[in-house]
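Here is how the chains run, residue by residue.
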Amino acid sequence: MLNLRMDNFMVELKDGSLKNVGPTNKKGTAKLFNVESAEAREFGDKRVKLVFEDEDGNEVQVALFPDHVRKIADEIETLEEDSPVFE
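Attention in this report is confined to the structure presented alongside it. (Residues numbered from 1 in each chain as written. Predicted model: local features only at pLDDT ≥ 70, side-chain atom pairs only at ≥ 80, totals over all residues. Heavy atoms only, no water.)

Let us now look at the overall build of the chain. Per the secondary structure count, the chain includes 1 helix and 7 strands. From first element to last, N terminus to C terminus, the chain shows the α and β order β-β-β-β-β-β-β-α. Counting only C-alpha atoms and orienting by the principal axes, one finds that the chain spans roughly 55 × 30 × 25 Å. The 87 residues of the chain split such that 8% are buried. Of all intrachain contacts in the chain linking residues separated by at least 6 positions in sequence, the fraction that spans at least 24 positions is 19%. Of the accessible surface of the chain, which amounts to about 7,400 Å², a share of 50% is contributed by carbon and sulfur atoms. Averaged over its 12 positive side-chain charges, the chain has a centre that lies 14 Å from the centre of its 20 negative ones. (Helix = DSSP H or I, 4+ residues; strand = E, 2+ residues; numbered from the N terminus. Buried < 20%, exposed > 50% of the residue type's maximum accessible area, 1.4 Å probe, protein only. Contact = heavy atoms within 4.5 Å. Areas by Shrake-Rupley, 256 points an atom, 1.4 Å probe, with all protein chains shown as cover. Lys, Arg positive; Asp, Glu negative; His and termini not counted. Charge placed at Lys NZ, Arg CZ, Asp CG, Glu CD.)

Shown next as structure tokens:
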């Protein structure tokens, strides 16, 4: 299930094209639940792309620099040691 929240978001649909309407202060949040597949791969010369897909084919991609990936890997390792989630 893909959940999108858009704040201050307004677009105009004209002749099949989307056009920004109003100021450029838009914000968005995307959440993907019930992930069926997850993978990590190189993205360009300096980043790692994490790709998550649910059973309906919704996909979220996140490109991170290596220091962020290492931090997440360390946090997962700590969870594996301390959290009942991995039991």
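Structure's up, so let's keep going.
This part is about a negative patch on the surface. Where like charges cluster on the molecular surface, the negative patch consists of Asp-74, Glu-77, Glu-80, Glu-81 and Asp-82. Structurally, Glu-77 is set in helix H1 (residues 66–82). Given the relative accessible area of 45%, Glu-77 is considered partly exposed. (Patch = residues over 30% accessible without salt bridge, like charges linked within 9 Å, V, L, I, M, F, W, Y side chains within 5 Å. Salt bridge = Lys/Arg side-chain N within 4 Å of Asp/Glu carboxyl O.)

Looking at chain direction, strand S6 (residues 47–54) and strand S7 (residues 59–64) are connected through 6 bridges and run antiparallel. Opposite Val-48, over in S7, you have Leu-64 as the bridge partner. In this structure, the hairpin formed by S6 and S7 is closed by a connection of 4 residues, where Gly-57 is found at a positive phi of approximately 90°. (Pairing = 2+ DSSP bridges.)

Let us look at a nonpolar patch on the surface. Together, Met-6, Phe-9, Val-11, Leu-13 and Leu-18 make up an exposed nonpolar region whose accessible area comes to about 520 Å². Relative to the elements of secondary structure, Val-11 occurs in strand S2 (residues 11–14).

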